[in-house]
Amino acid sequence: MKPTINIEYCPKCGWLLRSAWMAQELLTTFTDDLHGIQLIPSEVAGRYIITIGEIVIWDRKREGRFPEPKEVKQLIRDHIDPERSLGHSDR
């Protein structure tokens with residue numbers, strides 16, 4: 001079964017557009033590999049967490065910053081298809 005990626009974001013911080021942009025980047029890169037992406041408004045202020053199931057791919061508070069799309073693509077690739085090349089995103 002193809003995985004679903006969850007992006008939990010803080011709506012009070014105005015991070016919906018950032019989350020939608022990241023979802024677009026991931027859906028474009030992993031067109032045939034994902035079941036879908038869920039955008040989840042968080043009830044916790046300042047939250048921006050990307051997960052696959054129970055696996056945390058990126059946590060803004062833990063990392064101290066927002067991820068670049070390239071970083072998230074590499075981390076997701078490493079979980080769903082480690083042998084896959086991401087072309088220019090691997091450089």
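Here, the structure is the one placed above.
Residues numbered from 1 in each chain as written. Predicted model: local features only at pLDDT ≥ 70, side-chain atom pairs only at ≥ 80, totals over all residues. Heavy atoms only, no water.

### A few points about helix α1 (residues 16-29)
Let me state the cut-off plainly: Comment: elements are numbered from the N terminus, with helices defined as DSSP H or I runs of at least four residues and strands as E runs of at least two. To estimate the expected span of a helix, count its residues, drop one, and scale the result by 1.5 Å. Residue burial is assigned from relative accessible area. The probe radius is 1.4 Å, only protein chains are included, and a residue is buried under 20% of its type maximum, exposed over 50%, and partly exposed in between. Note that the arc is defined by the directions from the helix axis to the C-beta atoms. Here a residue-residue contact requires only that any non-hydrogen atoms of the pair lie within 4.5 Å.
With 14 residues, α1 extends 20 Å from end C-alpha to end C-alpha; this agrees with the ideal 20 Å at 1.5 Å per step. Three or more residues of α1 are buried, namely S19, M22, A23, L26 and T29. Taken end-on, α1 shows its buried residues confined to a sector of 135 degrees, consistent with a single buried face. Facing away from the buried side of α1, by more than 90 degrees, are the exposed residues L17, Q24 and T28. The elements touched by buried residues of α1 are β1 (4-9), β2 (36-41), β3 (48-52) and α3 (69-80).

### Some remarks on α3
When the terminal C-alpha atoms of α3 are compared, their 16 Å separation across 12 residues agrees well with the 16 Å that a helix rising 1.5 Å per residue should span. Tucked into the core, α3 has its buried residues touching β1, α1, β3 and β4 (55-59).

### What to know about the pattern of salt bridges
Our working rule: The term salt bridge refers to a pairing of a side-chain nitrogen on Lys or Arg with a carboxyl oxygen on Asp or Glu at a separation within 4 Å.
One pass over the full model with this rule turns up six salt bridges. Between E71 and R65 there is a salt bridge, and its shortest N-O distance comes to 2.6 Å. Accessibility expressed as a relative area gives 38% for R65, which makes it partly exposed. A salt bridge links R77 to D78, with the nearest nitrogen and oxygen atoms 2.8 Å apart. Relative accessible area serves as the criterion here: at 9%, R77 is assigned to the buried category.

### Concerning the nonpolar core
Side chains of nonpolar character tend, in soluble globular proteins, to be buried together. Worth spelling out the cut-off: What we call a nonpolar core is a set of buried Ala, Val, Leu, Ile, Met, Phe, Trp, Tyr and Cys residues that are connected through their side-chain atoms within 4.5 Å.
In terms of nonpolar packing, the biggest core is built from 20 residues, with I5, I7, L26, Y48, I50 and I76 touching the most fellow members. The set of elements that each furnish at least two residues to this core consists of β1, α1, β3, β4 and α3. Excluding residues within four positions of it along the chain, Y48 makes contact with I7, E8, Y9, W15, R18, S19, M22, W58, D59, R60, F66 and P67.

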